[in-house]
Amino acid sequence: MIKIENLHASINGKEILKGLDLEVKAGEVHAIMGPNGAGKSTLAAVLAGREDYEITAGSVTFLGKDLLDLPTEDRAREGLFLAFQYPVEIPGVSNVNFLRTALNEKRAYHNQEPISAKDFMALVREKSALVELDAKLASRAVNEGFSGGEKKRNEIFQMAMLDPKLAVLDETDSGLDIDALRIVSQGVNALKSPENASIVITHYQRLLDYIIPDVVHVLYDGKIVKSGPKELALELEERGYDWIKESL
Amino acid sequence: MSNYTENELAKDLENQEYKFGFVTDIESDTVPIGLNEGVIRLISSKKNEPQWLLDYRLKAYAVWQEMTEPEWAHVRYQKPDFQGISYYSAPKQTKKYESWDDVDPEMKETMKKLGISMEEQQRLTGVAVDFVMDSVSVATSFKEKLSELGIIFCSFSDAVQEHPELVQKYMGTVIPSTDNFYAALNGAVFTDGSFCYIPKGVRCPMELSTYFRINAGGTGQFERTLVVADEGAYVSYLEGCTAPQRDENQLHAAVVELIALQDAEIKYSTVQNWYPGDKEGKGGVFNFVTKRGICENNAKISWTQVETGSAVTWKYPSCILKGDHSVGEFYSVAVTNNHQQADTGTKMVHLGKNTKSTIISKGISAGKSQNSYRGLVQIHKGAHNARNFSQCDSLLMTDECGAHTFPYIECKNPSAKIEHEATTSKIGEDQLFYCMQRGISEEKAISLIVNGYCKEVLNQLPMEFAVEAQKLLAISLEGSVG
Ligand SMILES: Nc1ncnc2c1ncn2[C@@H]1O[C@H](COP(=O)(O)OP(=O)(O)OP(=O)(O)O)[C@@H](O)[C@H]1O
Ligand SMILES: [Mg+2]
C-alpha cells in the first residue's frame, strides 16, 4: 500500500522527520504513538502534501506511484485520506456541498460520471448512520461551530463518504467521549477491508481496544524507533517513553 | 510535487482574462462628440421629449457645469474627458421588434454569449427581460401579462411618451440633479433606461430584469431607472450587465431611483460585471452610479449587489427611511482583482420612528486591487428607536491588495441602537489545504470558500441570479487551470 523510506522533512530550516521508514500493506492497521512534538502530525501532513514542508531526502511509494510527485489533490483522489488533528472550519459551505464537490472531483479524476443527486443523498444517509452523525450536522457548514467531538466524528463521516485506500487518522480519538470513541471506532472497523489500510496516530492505548492494530510503532524524534505487536501499546501506557529514550 | 502558493494563486488571478469580452457589430447612430447645450437639445429632440424634460436636462446641465468631480473616494484614475465622449448612440434600426423572431440574429448571438438566451428565460424562469443595447431598448417581453395587472415595465423613453405624468411626478424626487457631479451629468444627458410602476396592492408575479450593455466604442452610458411601488405593492427587480472588451475607458454614470410608498416593498438586485480592464488595469469601465431609494411608512427597500467588474467603481446604493417602521437593507459582495478599484457601500438615513437598517458587506480583494467599504448610518432627531446593524468583512487574497473600511455614524437621537462589526482575514491556507486534501482542486477550493464567505449576500438573490453570481465570482477569482 505505502512504503516510506528514509524520509527527511524540515520546516523553516528545522528538520522534523529524520530518516523515517514505514511500510503498511493492504488490509493492515498500524498505530503510531510517540511523545508530543515527535513529528506524528508532520508525517501526516507531509504524506498529504502540505507545501510548507521541504522534503530533503527519502521516498514514498503509494500504490506503486511516487507519492511525493503528486499534487495534494491527486494524492487524495488516488485514495489517501487524512483525518485532521484539528479539522478546519469553512464558513458558509455546507458539508454536503463540500463532499459532493470532493466526490465528483475524485470521480472525474477516475473518468467517472458525476454522482447523481439521488445516489449522493442515499450515500449521505448510509454513511452518516454509520458514524451516527446527526443529519443536521451533515447539512451545516463544514465544521463551523461544531464541538470538538463533532468535528472528529465529521472527519470519519467524510472518510466514509470518500472511501479511501489509505486513511491516516491523526488523534481522531482525542476529544471524544466514551460513546463517541466507540462509535467512531466502529465506523473505522466497518470500513476496514482487505483492499484498504489505515495508520492510526494516538496517545491512548484505549483507542486500540476498539481498533485493533496489526503493528504499533513508536515515533520518536523524527524516526520510527520501535515497532511491535499491539501489546507494545500497553507497555507504553504503563511505562511511558523514557525507557525507550534510554534504550536508544 | 505541487507547490501552489498564494503567490502563484496571485499570479494566476492576474492572468485571468475577461471571459465575456466581445463586441457586437451593430450599426450605431451617434451624435457628435462633446457636451454643450446643443447636444442636449439634440438628444431631447431625437427622443421627441416634452418641454418639461428638456428643461430638466438643461437645468441639470447648468448645475453640472458648476460642480467638480468628487475626490474623496479611495480611488485613483485618469479623469474622463467629458468633451471627448459621444452622448448618444442608438442602434440604427429604429423599428421596434414585434416579436422575438424579428430580433436581429446578431443580437440574439450576443445574448447567448451573455448566457441569457431570452427564449429560455421566458420559458423557464418567468423573467421578463428589457434588454438595453446601448441606449435604446430593443426587446421587451411579458409586457402584456404585466399590463393586465396594471404593471408598467418599459424603457424610460417609452415611459416619457406613454406615462409622462408618472415620470414627471417621481423623476428626480429621490436623487435631484443637484445631488452630485455624476447625477447632474446623468440628468443632463441620460439617454434611456427602465421604468417600472407597480399599482396599489399589486404583487408583481415575476422578477423584472434588465440587462444593460455598453456597445458602441466611446459611448458613455447614462442610464436612468425609476421604480415606483405604490401603496402595498411588491416588486423584485434584477439588473445585470457585462460589457465588451475595450481599449479606451468607458464612462458609466447611471441613476437609479426607487420609491416605495406606504407598505410597499422593493427588492433591487444587481450583478455587475463591466469590463475591469486588462491586467495592467488599462481600458476598463468607470462605473459611477447613484442609487437611492425612499421608504414611506412601513415600506421596505432592499439592495443586493454582486460587483465583480469595472476598473473603477463608485457606488453607494442608499435608503432614506422617511416613513415610520420602514426598513432598509444593503447586501453587497464586491470583488476586485488586478488593478481594479472599488469604493462602495451604502447610506442609511433614518428619519422616521422605529426605522431599521441592515448592512452586510463582503469585500474580496485579489491582485493589486483596492477595495473600500464606505458606509454612513445617519440617525436624525425624530428617528426614535432607530436600529442599525452593520457587518463589514474583508477577505484578502494576496499581500499586494488592499481592503479599507470607512464606517461613519451620525446619531442625533439617543434612543438609537447601532451595532457595527468588521473583520479582515486572509484566505486561509489551512482551508485551502483541507479542501485539497479531500481531492478538490485549488481553483474549486477558492470558489467554494469565497462563495461560502459571501453566502449571506448570495442568499438574498433570486435563485437563477444567485447561480449566475456564483459563476461570476468563480470567474473573477479562479486561477487558470495548470
Ligand atoms: N512552522 C513550524 N516551524 C518550526 N517548527 C515547527 C513548525 N511546525 C511544527 N514544528 C515543530 O515540529 C515538531 C513536530 O510537530 P508535530 O505536530 O509533528 O508533533 P506531533 O508528534 O504531532 O505532536 P502532538 O502529539 O503534540 O500532536 C514540533 O516540535 C513542532 O514545534
Ligand atoms: Mg500531532
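Just above sits the structure.
Before going into details, it helps to say that this report is about the structure given with it. (Residues numbered from 1 in each chain as written. Chains lettered and ligands numbered in written order. Predicted model: local features only at pLDDT ≥ 70, side-chain atom pairs only at ≥ 80, totals over all residues. Heavy atoms only, no water.)

**Things to note about the overall build of chain B**
In step 1: Looking only at helices and strands, one finds 13 helices and 23 strands in chain B.
In step 2: In the structure as shown, chain B presents an accessible area of about 18,100 Å², 49% of it carried by carbon and sulfur atoms. (Helix = DSSP H or I, 4+ residues; strand = E, 2+ residues; numbered from the N terminus. Areas by Shrake-Rupley, 256 points an atom, 1.4 Å probe, with all protein chains shown as cover.)

**Describing the coordination of the magnesium ion (ligand 2)**
Residues and elements named next belong to chain A.
In step 1: Every protein donor of the magnesium ion (ligand 2) is accounted for by S41 (OG) and Q85 (OE1), and the metal-donor separations fall at 2.0 to 2.3 Å. In this pair, S41 sits in helix α1 (residues 40-48) while Q85 sits in the loop between β6 (80-83) and α3 (95-109), placing the two residues 44 residues apart along the sequence.
In step 2: Looking at S41, the relative accessible area reads 30%, which means it is partly exposed. (Donors = N, O, S within 2.8 Å, 3.2 Å for Na, K, Ca; no water. Buried < 20%, exposed > 50% of the residue type's maximum accessible area, 1.4 Å probe, protein only.)

**Overview of the site of ligand 1**
All names here are of chain A.
In step 1: The immediate surroundings of ligand 1 are formed by 15 residues, with G37, K40, S41, T42 and H203 found nearest.
In step 2: Within the contact set of ligand 1, an oxygen atom lies 3.2 Å away from a backbone nitrogen or oxygen of A38.
In step 3: Notes on ligand 1: free accessible area 650 Å², of which the protein chains cover 66%.
In step 4: Taken together, the elements giving at least two residues each to the shell around ligand 1 come down to β2 (14-24) and α1.
In step 5: In terms of residue count, α1 provides more of the shell around ligand 1 than any other element does, 3 residues in total.
In step 6: A breakdown of the residues in the shell around ligand 1 according to their chemical character gives 4 nonpolar, 8 polar and 3 charged. (Near = heavy atom within 4 Å. Polar contact = N/O pair within 3.5 Å; in protein donor to acceptor, adjacent residues only side chain to side chain. Nonpolar A, V, L, I, M, F, W, Y, C, P; charged D, E, K, R; others polar.)

**Looking at the environment of E51 of chain A**
In step 1: Tracing the chain through its elements places E51 of chain A in the loop between α1 and β4 (54-62).
In step 2: Spatially, the C-alpha atom of E51 of chain A lies 33 Å from that of K230 of chain A, the residues being 179 residues apart in sequence.

**Focus: the packing of aromatic side chains**
Residues and elements named next belong to chain B.
In step 1: Going through the model one piece at a time under the given rule, you end up with 17 aromatic pairs over all chains.
In step 2: Their ring planes at 90° and their centres at 5.2 Å tell us that F181 and Y182 sit as a pair that is edge-to-face.
In step 3: Judged by its relative accessible area of 1%, Y182 falls in the buried class.
In step 4: Taken together, Y61, W64, F82, F181, Y182, F286, F288, W314 and Y316 form an aromatic cluster joined through their ring pairs.
In step 5: It is R57 that lies over the ring of F190; its NZ or CZ is 4.1 Å from the centre.
In step 6: Lying across the ring of F190, R224 places its NZ or CZ 5.5 Å from the centre. (Phe/Tyr/Trp six-rings, centres within 6.5 Å; stacked < 30°, edge-to-face > 60°. Lys NZ or Arg CZ within 6 Å of the ring centre and 35° of its normal.)

**Overview of helix α2 (residues 37-46) of chain B**
Residue and element names in this part refer to chain B.
In step 1: Those residues of α2 that fall on the buried side of the exposure criterion are V39, I40, I43 and S44. Looking down the long axis of α2, one finds its buried residues gathered within 135° of arc, a one-sided arrangement.
In step 2: In the core, the buried residues of α2 are packed alongside α3 (51-65) and α9 (181-189).
In step 3: Of the residues that open α2, the one with a side-chain oxygen 2.9 Å from the backbone nitrogen of G38 is N36.
In step 4: Looking one or two residues past α2, N48 carries a phi angle of roughly 55°, positive in sign. (Arc of directions from axis to C-beta. Contact = heavy atoms within 4.5 Å.)

**Considering the interface of chain A and chain B**
In step 1: Tallying the contact residues gives 36 residues for chain A and 24 residues for chain B.
In step 2: Here chain A meets chain B over a buried area of about 2,600 Å², counting both sides, of which 59% is carbon and sulfur.
In step 3: Summed over the shared surface of chain A and chain B, the result is 3 salt bridges.
In step 4: D430 of chain B serves as the salt-bridge partner of R50 of chain A, at 2.9 Å between the closest nitrogen and oxygen.
In step 5: Secondary-structure elements contributing two or more residues to the side of chain A that touches chain B are α1, α2 (72-78), β6, α3 and α6 (148-162) of chain A.
In step 6: Residues that form the side of chain A that touches chain B fall into these classes: 19 nonpolar, 7 polar and 10 charged. (Buried area = accessible area lost by both parts, 1.4 Å probe. Salt bridge = Lys/Arg side-chain N within 4 Å of Asp/Glu carboxyl O.)

**Some remarks on the sheet that holds β4 of chain A**
Residue and element names in this part refer to chain A.
In step 1: Pairing is antiparallel in the open sheet, where 4 strands are placed in the order β2-β1-β4-β5. Edge strands, defined here as strands with exactly one partner in the open sheet, are β2 and β5 (65-66).
In step 2: In this structure, strand β1 (residues 2-11) lies alongside β4, joined through 7 bridges in antiparallel fashion. Across the sheet, the residue bridging to S10 is E54, located in β4. (Pairing = 2+ DSSP bridges.)

**A closer look at the sheet that holds strand β3 (residues 29-33) of chain A**
Residue and element names in this part refer to chain A.
In step 1: Read across the open sheet, the 6 strands follow the order β6-β7-β8-β3-β9-β10; overall the sheet is mixed. Only two strands of the sheet have a single partner each, and these edge strands are β6 and β10 (223-228). For this sheet the average axis-to-axis angle between neighbouring strands, irrespective of direction, equals 20°.
In step 2: Docked against the sheet, α6 engages β6 and β7 (166-170), running at close to 170° with respect to β6. (Axes fitted to C-alpha atoms, helices over the stretch in contact; angles between N-to-C directions.)

**Here's the deal with the layout of surface pockets**
In step 1: Of the pockets and cavities examined, the largest pocket occupies roughly 610 Å³.
In step 2: Lining of the largest pocket is provided by 24 residues; of these, N97 of chain A together with S447, L448, N451 and Q470 of chain B occupy positions nearest its centre.
In step 3: Every element with two or more residues in the lining of the largest pocket is listed here: α3 of chain A together with α11 (442-453), α12 (455-458) and α13 (463-477) of chain B.
In step 4: In the lining of the largest pocket, the residues fall into 8 nonpolar, 10 polar and 6 charged. (1 Å grid on protein atoms, 1.4 Å probe; cavity = no way out; pocket = protein on both sides within 12 Å on 5 of 7 lines; lining within 4 Å. Points joined across faces, edges and corners; volume = space filled by probe spheres on them.)

**A word on the pattern of salt bridges**
In step 1: The tally for this structure, following the rule as stated, stands at 27 salt bridges over all chains.
In step 2: As a salt-bridge pair, D74 of chain A and R77 of chain A come within 3.0 Å of each other at their nearest N and O atoms. Residue D74 of chain A and its partner R77 of chain A are both found in helix α2; the two are separated by 3 residues, about one turn of the helix.
In step 3: Taken together, the salt bridges that share partners define one network made up of D74, R77 and E105 of chain A together with K444 of chain B.

**Here's the deal with the nonpolar core**
In step 1: Counting 102 residues, the largest nonpolar core has I2, I4, L7, L20, L43 and F98 of chain A together with I364 of chain B as its most contacted members.
In step 2: Counting residues in hydrophobic clusters, the runner-up holds 55 residues, among them L54, I152, L261 and F286 of chain B. (Core = buried A, V, L, I, M, F, W, Y, C linked by side-chain atoms within 4.5 Å.)

**Quick notes on the environment of C401 of chain B**
Residue and element names in this part refer to chain B.
In step 1: Mapping C401 onto the fold places it in the loop between β21 (387-396) and β22 (402-411).
In step 2: Spatially, the C-alpha atoms of C401 and A73 are 17 Å apart, while their sequence positions differ by 328 residues.
In step 3: Leave out the neighbours within four places in its chain, and C401 touches S365, A366, G367, K368, S369, Q370 and L396.

**Side note on the packing of α6 of chain A against helix α7 (residues 178-191) of chain A**
All names here are of chain A.
In step 1: Two elements in contact, α6 and α7, have axes whose closest approach is 10 Å; the angle formed by their N-to-C orientations is 15°. Here α6 is positioned roughly parallel relative to α7, judged by the angle of their axes. Note on packing geometry: the crossing formed by α6 with α7 is left-handed. Side by side, α6 and α7 meet where R153, I156, M159 and A160 of the first sit next to A180, I183, V184, V188 and L191 of the second. (Parallel < 35°, antiparallel > 145°, perpendicular 65-115°, else oblique. Left-handed = near helix turned anticlockwise from the far one by under 90°.)

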